[in-house]
Amino acid sequence: FFFQAEDGIRDYKVTGVQTCALPIFLEKDLAKFKIGSAREGLITAYKSAKRIGDISFVTYDCGSGLGSDELRKLVSDTPAPVTGAVTVLSSLENGKIVLIVAADEKARATGVKAGLLAKVASAKLGGGGGGKDDFASGGGPNAMALKDRSEEHTSELQSPCNLVCRLLLEKK
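Residues numbered from 1 in each chain as written. Predicted model: local features only at pLDDT ≥ 70, side-chain atom pairs only at ≥ 80, totals over all residues. Heavy atoms only, no water.

1. Side note on the overall build of the protein chain
Thinking step 1. On a plain count of helices and strands, the protein chain comes out with 6 helices and 9 strands.
Thinking step 2. For the protein chain, the proportion of its 172 residues judged to be buried stands at 38%.
Thinking step 3. Considering only contacts within the protein chain whose residues lie at least 6 apart along the sequence, 50% involve residues at least 24 apart. (Helix = DSSP H or I, 4+ residues; strand = E, 2+ residues; numbered from the N terminus. Buried < 20%, exposed > 50% of the residue type's maximum accessible area, 1.4 Å probe, protein only. Contact = heavy atoms within 4.5 Å.)

This is the structure in structure tokens:
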């Protein structure tokens, strides 16, 4: 294997600390694996959705390495199997939390606005966000905002997705 380093092509046998990128074919395989794994996790999350009144609140933290485009495609390609769903996906990319919020027609009829949820959650994460009532994105660099609330909530609520869930509960 040859890897592309910042200063040119390097053989894997070269000693010393080097910054190198994965070969392109490995990057593509890794991206497919991350998306496939996230899709499986989202399907499992749909099965354990939290009910808040008439709304099924689905949250899934996709780990790291997926950007807003991948999360947007994931939630679009893997629709919720129930009506009244609010789906929130998060990922850590380049040191920042990325959020995607989707609300189906029944959830919007109850007053849920994906854009507002993304905006408020992103502000708490030190960033910005927003979008339409049905679909929104956002995020921010302050992952510590989640840990700052650890005394108020159980550890299962310490994720970017569940920050949006708490905001929705506070709204009710």
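2. What to know about the pairing of strand S8 (residues 128-131)
Consecutive side chains along a regular strand alternate between the two faces of the sheet.
Thinking step 1. When S8 meets strand S9 (residues 135-140), the two strands line up antiparallel, connected through 4 bridges. Following the sheet pairing, Gly131 is matched in S9 by Ala136.
Thinking step 2. Taking the residues that link successive antiparallel strands as the turn, the S8-S9 hairpin has 3 residues. (Pairing = 2+ DSSP bridges.)

3. Notes on the pattern of salt bridges
Opposite charge on two side chains allows them to pair when their charged atoms are near.
Thinking step 1. All told, the structure shown has 1 salt bridge when counted by the stated rule.
Thinking step 2. For the salt bridge of Asp77 with Lys73, the shortest nitrogen-to-oxygen distance reads 2.6 Å. Of this pair, Asp77 and Lys73 both sit in helix H2 (residues 68-77), separated by 4 residues, roughly a single helical turn.
Thinking step 3. We classify Asp77 as partly exposed; its relative accessible area is 41%.
Thinking step 4. Residue Lys73 is classed as exposed on the basis of its relative accessible area of 53%. (Salt bridge = Lys/Arg side-chain N within 4 Å of Asp/Glu carboxyl O.)

Taken by themselves, the reported measurements are silent on function.
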